[in-house]
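Examining the three-dimensional arrangement
Okay, here's what each chain looks like letter by letter:
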Amino acid sequence: MSDAAGTPPEPGQDRDGGPVALLGPITAACLLAGVMLALWMPRFPTPWASAAALVLGIGLAACLPRLRPAAALLLGLGLAGLHAQHALSLQLPPSQEGRTVTLSGRIVGLPLHASMQSRFDFRVDADPVLPAALRGRLLRLGLRNASADARARYRAGQRWQLEVVLRAPRGLRNPGGFDSEKHALAQRLAARGFVKAPGRSVLLASATGIDAWRESMSSRIGQEVDAPAARFVRALALGDTRGLEDGDWALLRAVGLTHLIAISGFHVALVAGFTALLARGAWWCFPGLGRRLPRPVAAALAGLLGACVYAAVAGFALPTVRTVLMIAVVAVMRTRRQRIGLPDTLAIAALAMLLVDPLSVLAAGFWLSFMGVAWLMWCLPDAGMRPLRAFLSAQAVATVGLLPLSVSLFGQASLAGPFANLLAVPWWSLVVVPLALAGTGLDSLLEGAGTGLWRLSAWCFDLAWPLFEGLGRSPLAMRWIPESDAWALLLALLGAFWMLLPRAVPGRALALLLWLPLLWPARSPPAPGQAEMHVLDVGQGLAVLVRTARHDLLYDMGPAVPEGYDAGERIVVPALHALGVSRLDMAMVSHADLDHAGGLAAVARGFPLADLRAPEGADVGAGRPCIAGDQWSWDGVRFEVLHPTPFFPYLGNASSCVLRIEAGSVALLTGDIDEVIEERLLARMPGSLRADVVLVPHHGSGGSSTPAFVAATGASRAVVSSGHGNRFGHPRPAVVGRWASSGAEVHDTAREGSLRIRLGARDSPVEARRATHPRAWDAEARRRSASEPR
């Protein structure tokens with residue numbers, strides 16, 4: 001009962017006076033804080049500690065209502081800890097890596113078929129005859145060494161028996177790099193691997209389920225729409241972004257439209273609104289239905305059903321799930337004849353998301369979705385605002401409110417974004433998407449009925465696309481922002497809050513000062529006469545950035561596979577941007593092998609290469625060769641090329657450019673030279689080999705690092721760039737032992753991530769990325785823990 005008879009309950013209260021605020025914004029914020037505390041600890045809470053926190057939180061909530069915020073925090077801590085520990089327990093034990101096993105299961109999601117390889121997710125059957133560590137697990141498998149027709153046989157929803165080789169999820173750790181280990185944890189991915197013998201794979205059952213329907217419908221759009229925009233129609237109608245190329249994504253990032261190209265929460269709301277409108281129309285045509293179910297309740301339930309179906313079509317992407325939960329809250333309140341405000345609706349949706357899957361906070365979509373809606377609800381409470389003014393205000397709020405998160409999550413910001421969204425949001429969401437959805441719905445009922453609408457949707461998309469291409473080439477396009485600390489994000493969010501306060505609040509312009517640590521983070525370049533090296537974690541390859549006070553040199557660009565993985569694009573370019581590199585004064589390719597020069601094209605697209613050097617005969621487009629005797633000085637740091645000598649023939653590894661860097665202490669970059677070249681260097685210039693830091697030749701192979709060469713360097717730091725579990729066995733244990741026996745401290749990017757080495761500082765200290773940025777889900781830390789005696 002309310003306080004006075006006949007007085008309707010206030011928004012946010014039920015009719016019994018019990019506050020819905022029990023599940024309101026404060027409770028949601030405290031639950032989120034507990035989840036964050038558990039997941040961002042250096043180590044996850046133990047299962048016992050998590051269970052204790054969970055039980056204590058439930059007890060506090062039940063017995064001491066005034067302590068419900070504290071109860072929510074404990075509940076989040078315990079729940080996230082248990083989920084995280086369970087997700088880690090699902091991953092393949094290191095002891096079982098590299099084995100060949102035969103598994104049966106189903107392809108889930110949409111397989112990605114590129115020109116030379118394919119990739120798909122595979123849910124293993126929960127069959128007792130299968131290995132216990134893999135039953136019911138989710139795997140990510142690659143398919144190689146098979147023709148395009150053979151790979152095309154693998155379709156969503158099929159059941160297969162496959163012979164696979166697996167490894168536990170493991171990623172590369174670099175500044176500005178994608179954290180694939182975090183992604184694997186959030187997705188509950190047990191292992192990655194490849195199908196060993198595609199010819200021996202057995203199809204157990206044909207494609208069934210929603211994913212099979214999505215793939216079939218996507219193929220129909222591709223066949224019926226003879227226009228370049230067909231790939232975007234598939235993305236907007238079905239959430240199928242497989243057809244988008246790297247150039248498409250680069251342009252979408254440049255103009256700030258990536259959030260619209262796949263199915264978003266707004267699209268789900270459109271479908272829900274349309275189905276609710278249909279239900280209202282049916283109840284208006286048949287008034288007798290109202291005696292069984294009131295029209296508002298029927299409309300709410302119909303909207304929820306439409307949202308659920310559309311979210312399934314989209315593969316239950318996070319923004320769609322968030323919107324479905326919000327619609328579900330509204331529907332439940334309608335059925336109970338209760339009113340609820342938008343803040344409480346958002347809070348209950350967040351609570352539901354966190355209670356069901358607390359690891360969802362590890363995805364960028366969680367923060368962008370909920371923060372975006374929260375900013376809009378707080379800043380635009382006036383429901384009577386004119387539509388145009390409301391739309392423009394929403395764009396301004398979204399731009400200011402989400403910019404700090406976008407910079408922190410992606411390291412980039414688009415100045416063209418607000419202008420592109422002014423057109424894209426209404427045009428795509430109110431014209432292109434409804435046409436694509438209507439076509440999909442009609443074609444589902446009658447094959448061929450949706451072709452015209454699909455083609456019209458593609459035509460409408462193509463009308464505006466040239467404008468976005470022009471914006472992407474303009475000076476307003478995407479800007480990369482150097483990496484900053486977490487406190488810079490908090491200050492920028494506070495600055496955004498201050499800027500979006502009412503106009504009467506004084507000093508709003510001063511809020512811009514709070515943005516400076518995020519948008520222009522403090523850089524600490526080496527002092528004159530000193531240098532620093534960043535040995536990037538590129539897997540089985542090499543990329544080293546050498547920085548002086550005002551110059552930057554890149555030695556090798558990482559590996560790349562034709563029409564496949566490109567470390568230059570995925571690792572080197574983002575790392576350079578994160579480190580604040582705006583230009584490269586010189587790029588040196590040690591030799592033309594793909595594990596060293598593969599990423600050159602991607603680096604050249606990101607940074608103009610005015611001075612590119614490589615060995616004579618290396619076909620990489622170098623402007624001049626690197627020849628022994630070349631010397632130059634930058635900011636008091638001396639560089640000298642030691643190999644190859646003039647007229648030395650190009651012999652691949654043996655022709656590697658060897659670079660000596662003298663900055664108080666000395667570093668030696670050796671490429672892939674072998675023992676023959678080591679002997680030549682010892683005979684020709686033994687004194688020049690003396691160094692404090694040595695990049696171990698050829699990733700630590702057995703054909704290099706001779707005892708005489710190791711002794712001649714006298715290095716205190718030996719650095720290996722290698723890939724975890726590489727097929728060459730690099731670095732060889734004997735080579736590691738040889739360097740260690742000489743007194744050198746051996747560092748390996750495979751174990752430690754990218755390495756930062758300061759030359760000229762005392763002892764040339766080495767900072768390892770995995771050590772300076774610890775994560776509870778770190779694969780190397782888990783491997784070490786598993787190998788320790790118990």
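Remember, predicted model here, so these are calculated numbers, not experimental data.

**Some points on the overall build of the chain**
- Helices and strands together make up the secondary structure of the chain, namely 29 helices and 23 strands.
- Taking 2.2 N^0.38 as the reference for a compact globule, 790 residues should give roughly 28 Å; the C-alpha atoms of the chain span a radius of gyration of 29 Å, in line with that estimate.
- Its C-alpha atoms put the chain at 100 × 65 × 60 Å along the principal axes.
- Long-range pairs, those at least 24 residues apart, make up 69% of the contacts in the chain between residues at least 6 apart in sequence.
- By element, 61% of the accessible surface of the chain is carried by carbon and sulfur atoms, the whole surface being about 35,800 Å².
- Looking at charge distribution, the chain has the averaged site of its 74 positive side-chain charges lying 8 Å from that of its 60 negative ones.

**Focus on the sheet that holds strand E21 (residues 745-748)**
- A sheet is described by the order of its strands in space; here seven strands give the open sequence E15-E16-E17-E18-E19-E20-E21, paired in mixed fashion. A single partner strand is all that each edge strand has here, and the edge strands are strand E15 (631-634) and E21. With direction set aside, neighbouring strand axes in the sheet form an average angle of 20°.
- Sheet topology places E15 next to strand E16 (residues 637-643); four bridges connect them, and they run antiparallel. Bridge pairing in E16 places tryptophan 634 opposite valine 637.
- Running over the sheet, helix H24 (residues 675-684) touches E16 and strand E17 (658-663) and is turned about 115° from E16.

**Things to note about empty space enclosed by the protein**
- For the structure on display, the rule yields two cavities of 30 Å³ or more.
- In this structure, the largest cavity encloses a volume near 40 Å³.
- If you trace the largest cavity, you find it lined by Leu542, His596, Gly671, Asp672, Leu695, Val696, His698, His699 and Ser721.
- Of the residues in the lining of the largest cavity, the class split is three nonpolar, five polar and one charged.
- Taken as a whole, the second largest cavity holds about 30 Å³ of empty space.
- Together, Gln91, Pro169, Glu181, Trp777, Ala779 and Arg782 line the second largest cavity.

**What to know about the packing of aromatic side chains**
- Scanning the entire structure with this criterion turns up 15 aromatic pairs.
- When the centroid spacing of 4.8 Å and the interplanar angle of 50° are considered together, the rings of phenylalanine 232 and tryptophan 465 count as tilted. In this pair, phenylalanine 232 is assigned in helix H7 (residues 230-238) and tryptophan 465 in helix H18 (residues 451-472), connecting sequence segments 233 residues apart.
- Seen in terms of ring centroids, tryptophan 632 and phenylalanine 639 are 5.3 Å apart; in terms of plane orientation they differ by 5°. Their pairing is stacked.

**Structural notes on the environment of leucine 74**
- Mapped onto the fold, leucine 74 is located in helix H3 (residues 68-90).
- Sequence spacing of leucine 74 and leucine 56 is 18 residues, and the spatial spacing of their C-alpha atoms is 7.1 Å.
- Among residues more than four places away in sequence, those in contact with leucine 74 are Ala53, Leu54, Leu56, Gly57 and Leu60.

**Focus on the pattern of salt bridges**
- A complete count under the given rule lists 32 salt bridges for this structure.
- Aspartate 748 serves as the salt-bridge partner of arginine 751, at 3.9 Å between the closest nitrogen and oxygen.
- A salt bridge links glutamate 780 to arginine 784; the shortest N-O distance between them is 3.8 Å. Of this pair, glutamate 780 and arginine 784 both sit in helix H29 (residues 779-787), separated by four residues, roughly a single helical turn.
- For glutamate 780, a relative accessible area of 1% translates into the label buried.

**Let's talk about unusual backbone geometry**
- Going from histidine 643 to proline 644, the amide bond is cis rather than trans, its omega being 5°.
- Take proline 644: it is sitting in the loop between E16 and E17.
- Between histidine 730 and the following residue, proline 731, the backbone shows a cis peptide bond with an omega angle of -10°.
- With respect to the secondary-structure elements, proline 731 resides in the loop between strand E20 (717-720) and helix H26 (733-741).
- In this model, aspartate 556 sits at a positive phi of 70°, which is unusual for a non-glycine residue.
- Mapping aspartate 556 onto the fold places it in the loop between strand E11 (552-555) and helix H21 (567-578).
- Overall, the relative accessible area of 0% leaves aspartate 556 in the buried class.
- Even without a glycine there, the phi angle at serine 705 is positive, about 60°.
- With respect to the element layout, serine 705 can be found in the loop between strand E19 (693-695) and helix H25 (707-713).

**What to know about the packing of helix H8 (residues 246-254) against H18**
- H18 packs onto H8 with a crossing angle of 75° between their chain directions and a minimal axis gap of 9 Å. It follows that H8 is roughly perpendicular to H18 by the angle criterion. Contacts from Leu251, Leu252 and Ala254 in H8 reach Trp465, Phe468, Glu469 and Gly472 in H18.

**Looking at the sheet that holds strand E12 (residues 586-588)**
- Taken in spatial order, the eight strands make up an open sheet running E14-E13-E12-E11-E10-E9-E22-E23, and their pairing is mixed. A single partner strand is all that each edge strand has here, and the edge strands are strand E14 (624-625) and strand E23 (766-768).
- Taken together, the four bridges between strand E10 (residues 544-547) and E11 define a ladder with antiparallel strand orientation. The residue bridging arginine 547 from the neighbouring strand is aspartate 552, located in E11.

**Notes on the side chain of arginine 547**
- Turning to its location among the elements, arginine 547 is positioned in strand E10.
- Arginine 547 sits in the buried class, given a relative accessible area of 14%.
- At 2.8 Å, the side chain of arginine 547 forms a polar contact with the backbone oxygen of leucine 579.
- Arginine 547 has contacts with Pro526, Gln530, Ala531, Glu532, His534, Asp552, Leu579, Gly580 and Val581, leaving out every residue within four places of it along the chain.

The rules behind each value
- Residues numbered from 1 in each chain as written.
- Predicted model: local features only at pLDDT ≥ 70, side-chain atom pairs only at ≥ 80, totals over all residues.
- Heavy atoms only, no water.
- Helix = DSSP H or I, 4+ residues; strand = E, 2+ residues; numbered from the N terminus.
- Rg over C-alpha atoms; globule rule 2.2 N^0.38 Å.
- Contact = heavy atoms within 4.5 Å.
- Areas by Shrake-Rupley, 256 points an atom, 1.4 Å probe, with all protein chains shown as cover.
- Lys, Arg positive; Asp, Glu negative; His and termini not counted.
- Charge placed at Lys NZ, Arg CZ, Asp CG, Glu CD.
- Pairing = 2+ DSSP bridges.
- Axes fitted to C-alpha atoms, helices over the stretch in contact; angles between N-to-C directions.
- 1 Å grid on protein atoms, 1.4 Å probe; cavity = no way out; pocket = protein on both sides within 12 Å on 5 of 7 lines; lining within 4 Å.
- Points joined across faces, edges and corners; volume = space filled by probe spheres on them.
- Nonpolar A, V, L, I, M, F, W, Y, C, P; charged D, E, K, R; others polar.
- Phe/Tyr/Trp six-rings, centres within 6.5 Å; stacked < 30°, edge-to-face > 60°.
- Salt bridge = Lys/Arg side-chain N within 4 Å of Asp/Glu carboxyl O.
- Buried < 20%, exposed > 50% of the residue type's maximum accessible area, 1.4 Å probe, protein only.
- Parallel < 35°, antiparallel > 145°, perpendicular 65-115°, else oblique.
- Polar contact = N/O pair within 3.5 Å; in protein donor to acceptor, adjacent residues only side chain to side chain.

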